[in-house]
Amino acid sequence: MTVEMVDVHPREVVGSSRTAGPLLALGRREARRIVLSPVYALAFGLVFVTTGIGSFTEDALPTAEHVYEFIGLMLVMMGGLLTYLAAHLVTSSARRTNADRQLESSTMSSRSRGGALCLGVVFGPSAVAAVLLVVLAVIGSNATFSGDTTPVAVVELVQIGLLIVGGGVFGVMTATWLRFPGSLLLGFLVLGFGTPQMYQPTVGPVDTLPWFAPFVTGPGFADDSWVNLGSQSWHTAYLAGLCCLAVCAVMLHRRVGRGRWLLASGAVFAATAFFGWMQV
Amino acid sequence: MSPTVVVRDVTKRFAHTQALAGVTVEVSTGVTGLLGPNGAGKTTLLRILATVLGPDGGSVRTLGLDPADARDRTRIRRSLGYLPQEPGFQRGFSVFEFVDYVAILKELTPARRRHDEVRRVIAAVDLTSVSGKRVRALSGGMRRRVALAAALLGDPQLLVLDEPTAGLDPEQRLRFRELVSKAGEGRAVLLSTHQTEDVAALCHDVVVLHEGRVLFRGSPSDLAQRAAGHVWFAEDRDPRARIAWRTGDGAHRNLGDPPAGAVSVTPTLEDGYLLLVGARDEEAAA
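Thresholds applied
- Residues numbered from 1 in each chain as written.
- Chains lettered and ligands numbered in written order.
- Predicted model: local features only at pLDDT ≥ 70, side-chain atom pairs only at ≥ 80, totals over all residues.
- Helix = DSSP H or I, 4+ residues; strand = E, 2+ residues; numbered from the N terminus.
- Rg over C-alpha atoms; globule rule 2.2 N^0.38 Å.
- Contact = placed C-beta atoms within 7 Å.
- Buried ≥ 20, exposed ≤ 12 C-beta atoms within 10 Å, placed from the backbone.
- Axes fitted to C-alpha atoms, helices over the stretch in contact; angles between N-to-C directions.
- Left-handed = near helix turned anticlockwise from the far one by under 90°.
- Nonpolar A, V, L, I, M, F, W, Y, C, P; charged D, E, K, R; others polar.
- Pairing = 2+ DSSP bridges.
- Core = buried A, V, L, I, M, F, W, Y, C linked by C-beta atoms within 7 Å.
- Expected span 1.5 Å × (residues − 1).
- pLDDT = per-residue confidence, 0-100.
- Parallel < 35°, antiparallel > 145°, perpendicular 65-115°, else oblique.

**Student:** Help me out: how do you make sense of the overall build of chain B in this one?
**Tutor:** Each helix and strand counted, chain B has nine helices and 12 strands in total. Radius of gyration (C-alpha) of chain B: 21 Å, near the 19 Å computed for a compact globule of 286 residues. Counting only C-alpha atoms, chain B reaches 70 × 45 × 40 Å along its principal axes. Within chain B, counting contacts between residues at least 6 apart in sequence, those at least 24 apart form 66% of the total.

Structural data, given as structure tokens:
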């Protein structure tokens, strides 16, 4: 039995909490953990097997329209929910496995860790979704569709991306604040069933976005003008505001230094409420 | 040389339980053992020293810094390694990934040097051959070594180990003892344990906690000497003995006030500890 203590001087590598390096490094690590969550593989695999193969085999090879529909449907209907589940599971994993006991005395604060998880949502599933949305945009602008499929506008693609970011940061927020085993299911029920309950199906294009914030739809919602009342752009800003609010909630969990985050949260809340009012 | 940790009159209460009732302890370079029965306040004291808990009263100075101050606390954490009583590991992490994850949380940068440091501590606990294996697939002893590797990151000046050998088989315990002994060279190690043999083998100083108070502080030999003249062998259990047990060769080892004519034997640290704690329990009962 031999034990070797290697003679190096690791104290030199201890960084400073004032630099963004550790935060970005942790963000990248969390992004990897979220993307590699078995939730995605299970769900996408199941959907692909049950729907994808069936639709492809009808025409032997998938057409651009098939691919467009499949990716679009997956992102809209499942992207947010799955990212919620993956982000929640990663955030709560330290608590569920008692690993947090070792992490409590680390240099990085719980607020920074929460921030890194939010970054992980952006760097990971949202980045993957962004690539897929670009693919959708390219297909949408080049392919010829039958009458059943309507290409989605660019602003709506951005909204889909925000739904996925929103699902992820909502998962981080839920796991951060509701530190009990049922919080995963509770948040899932709120997302999965709560928002459709508040959903008012009124106009065509928005009924493809039944998750997260569809309850704010109104007759003028489909107006594509950039700054007009009821435009898609205001709705996009509103979704971005909701994402930022969830991030603020994560930051507010730690008591130390809460003051400036309360101020920031107030400003984000006011802006989000304004966007919400403008979009309807 | 000034002590690494100075604890003065520290108190801590949880609801109706007084976990610490005025503890004064100093920890200096080398391995200091912390002994005490369950519920003595050992883990609470270690969590306070690990800056995870704050005391209700008294003062703590670690490396000359005040853990109550946020900036000082961060500086202390940069020089601190903490191995909790029951370390947990996230699912899916390999040994390298877990230690690297903790290294990121300890803000070790940049990535290449962090990875060098992770490899260094994994080598230090002799786990290089399994660094790619999932932590959950390892034995209990190996997992404890993974947790110790994480605690050794950044070459901390203070190492706080909470019952690191609990539940380990004799070979794993000896292996761990060797690691802790190496770790105690040039740094302060506070080792909480129920294993008096570990304290006797490793520690230059021992603190006995009982019901949130310090019962004893001194060298292991001083603690053993507390039982000098109070340990004797007899054919049967002596009714005057506070504690007695039948040994493998059939004789009874008795601890307490010996009868006239009894031949005392050399006491062990365990004898001193048992008499000390036993006497306090009897006083409390009276």
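Having seen the structure, we can now continue with the description.
**Student:** Would you explain the overall build of chain A in this entry?
**Tutor:** What chain A contains, in helices and strands, is nine helices and zero strands. Starting at the N terminus, the α and β elements of chain A follow one another as α-α-α-α-α-α-α-α-α. Residues classed as buried in chain A amount to 41% of the 280 residues present. When contacts within chain A are restricted to residue pairs at least 6 apart in sequence, those whose partners lie at least 24 apart make up 76%.

**Student:** When you look at the packing of helix 1 (residues 21-35) of chain A against helix 3 (residues 95-105) of chain B in this model, what are you seeing that I'm missing?
**Tutor:** The axes of two packed helices give the description: the angle between them and the distance between them. Where helix 1 of chain A contacts helix 3 of chain B, the two axes come as close as 9 Å, and the packing angle between them is 145°. Of the two possible hands of crossing, helix 1 of chain A and helix 3 of chain B adopt the one that is left-handed. Where helix 1 of chain A approaches helix 3 of chain B, its residues A:Pro22, A:Ala25, A:Leu26 and A:Arg29 are matched on the opposing element by B:Tyr101, B:Ile104 and B:Leu105. Taken together, the residues of the contact of helix 1 of chain A with helix 3 of chain B sort by class into six nonpolar, no polar and one charged.

**Student:** I keep staring at unusual backbone geometry and nothing clicks. Help me out?
**Tutor:** Residues apart from glycine generally show negative phi values, whereas peptide bonds are mostly found in trans. Residue and element names in this part refer to chain B. Located in the positive-phi region is Asp 9, a residue other than glycine, with phi close to 50°. Positionally, Asp 9 belongs in strand 1 (residues 5-14). Assessed through the 13 C-beta atoms surrounding it within 10 Å, Asp 9 is described here as partly exposed. Of note, Ala 15 is a non-glycine position whose phi angle comes to about 50°, a positive value.

**Student:** Explain the interface of chain B and chain A to me, please; I cannot follow it from the model alone.
**Tutor:** Where interface size is quoted, it is often the accessible area lost as the parts come together. Across the contact, 41 residues belong to chain B and 31 residues belong to chain A. At the level of secondary structure, the elements contributing two or more residues to the side of chain B that touches chain A comprise helix 2 (70-78), strand 5 (80-83), helix 3, helix 4 (111-124), helix 5 (140-152) and helix 6 (170-183) of chain B. Element by element, the count of residues in the side of chain B that touches chain A is highest for helix 4 of chain B, at seven residues. Residue composition of the side of chain B that touches chain A, by class: 20 nonpolar, six polar and 15 charged.

**Student:** Honestly, the pairing of strand 6 (residues 158-162) of chain B in this entry has me stumped. Any pointers?
**Tutor:** Every other side chain in a regular strand lies on the same face of the sheet, so the side chains alternate between the two faces. All names here are of chain B. The buried fraction of strand 6 is high, at five of five residues. Burial of the side chains of strand 6 extends over both faces: Leu 158, Val 160 and Asp 162 are buried on one face and Leu 159 and Leu 161 on the other. Relative to strand 6, strand 5 runs parallel, the two sharing four bridges. If you follow Gly 81 over to strand 6, its bridge partner there is Leu 159. Here strand 6 runs beside strand 7 (residues 188-192); their pairing, made up of five bridges, is parallel. Bridging from a neighbouring strand, Val 160 pairs with Leu 190 of strand 7.

**Student:** Any chance you could explain the nonpolar core here in plain terms?
**Tutor:** In globular proteins that are soluble, nonpolar side chains generally tend to be buried together. The biggest cluster of nonpolar side chains holds 137 residues, and the ones touching the most others in it are B:Val99 and B:Ala149. With 14 residues, the top contributor of residues to this core is helix 8 (residues 232-251) of chain A. Here B:Ala149 is in contact with B:Val99, B:Val121, B:Ile122, B:Ala124, B:Val125 and B:Leu127, once residues within four sequence places are set aside.

**Student:** Even after reading the chapter, I still don't get the sheet that holds strand 10 (residues 231-234) of chain B, so can you show me in this structure?
**Tutor:** Backbone hydrogen bonds are what pair the strands of a sheet, in a parallel or an antiparallel way. Residue and element names in this part refer to chain B. Pairing is antiparallel in the open sheet, where three strands are placed in the order 10-12-11. Looking at which strands have only one partner, the edges of the open sheet turn out to be strand 10 and strand 11 (241-246). Neighbour-to-neighbour, the strand axes of this sheet turn through a mean angle of 25°, independent of strand direction. Inspection of the sheet shows strand 10 paired to strand 12 (residues 252-256) by four bridges, in the antiparallel sense. The partner of Phe 233 across the bridge, within strand 12, is Arg 253.

**Student:** Explanation requested: the environment of B:Arg177 in the structure shown.
**Tutor:** Residues and elements named next belong to chain B. Within the fold, Arg 177 resides in helix 6. For Arg 177, a count of 20 C-beta atoms within 10 Å corresponds to the buried category. Residues Arg 177 and Leu 202, 25 residues apart in the sequence, show an inter-C-alpha distance of 7.3 Å. Aside from chain neighbours lying at most four places away, what touches Arg 177 is Asp 198, Ala 201 and Leu 202.

**Student:** Sorry if this is basic, but what is going on with helix 5 of chain B here?
**Tutor:** Structurally, the α-helix is built with 3.6 residues per turn, so residues lying three or four positions apart point the same way. A rise of 1.5 Å per residue sets the reference length of helix 5 of chain B, with its 13 residues, at 18 Å; its end C-alpha atoms lie 18 Å apart and thus fit the reference within 8%. Packing partners of the buried residues in helix 5 of chain B comprise helix 4 (100-103) of chain A together with strand 5, helix 3, helix 4, strand 6 and helix 6 of chain B. Of the residues trailing helix 5 of chain B, B:Gly154 is marked for its positive phi of about 80°.

**Student:** Quick question: what am I supposed to make of the confidence of the model for chain A here?
**Tutor:** The predicted coordinates should not be examined in detail at positions where pLDDT is low. Residue and element names in this part refer to chain A. Mean pLDDT for chain A: 78, with 74% of residues reaching 70 or above. For chain A, per-element mean pLDDT is lowest for helix 7 (residues 183-198), which scores 74, and highest for helix 1, which scores 93. Segment residues 1-17 is flagged for pLDDT under 50; beyond a separation of four residues in sequence, or across chains, it makes 37 contacts in the model. Taken together, the stretch residues 223-227 has pLDDT below 50 and engages in 11 contacts with residues farther than four places along the chain or on a different chain.

**Student:** Please explain helix 6 of chain B as it appears in this structure.
**Tutor:** Residues and elements named next belong to chain B. Look at helix 6: 20 Å from first C-alpha to last across 14 residues, which is about the 20 Å you get at 1.5 Å a residue. Restricting attention to buried positions, one finds in helix 6 the residues Arg 175, Phe 176, Arg 177, Leu 179, Val 180 and Ala 183. Against the buried residues of helix 6 lie strand 3 (30-35), helix 5, strand 6, strand 7 and helix 7 (196-202).

**Student:** In this structure, what is going on with the packing of helix 3 of chain B against helix 4 of chain B? I would like to understand it.
**Tutor:** All names here are of chain B. The geometry of helix 3 relative to helix 4 is characterised by a closest axis approach of 10 Å and an angle of 120° between their N-to-C directions. When the axes of helix 3 and helix 4 are compared, the pair comes out oblique. For the pair helix 3 and helix 4, the crossing hand works out as right-handed. For the pair helix 3 and helix 4, the contacting residues are Val 95, Phe 96, Val 99, Asp 100 and Ala 103 in the first and Arg 114, His 115, Glu 117, Val 118, Val 121 and Ile 122 in the second.

**Student:** I tried to follow the confidence of the model for chain B on my own but got confused; where do I start?
**Tutor:** With 99% of its residues at a pLDDT of 70 or more, chain B shows a mean pLDDT of 90. Interface scoring of the predicted complex returns ipTM 0.80; its pTM is 0.83.

**Student:** Looking at this structure, how should I read the sheet that holds strand 9 (residues 213-218) of chain B?
**Tutor:** Residues and elements named next belong to chain B. The strand order across the open sheet built from six strands is 5-6-7-3-8-9, with neighbouring strands paired in mixed fashion. At either margin of the open sheet sits one strand with a lone partner, and together these are strand 5 and strand 9. Across this sheet, the average inter-strand angle for adjacent strands is 15°, counted without regard to direction. Contacting strand 3, strand 6, strand 7 and strand 8 (205-210), helix 1 (residues 42-49) runs over the sheet at an angle of about 155° to strand 7.

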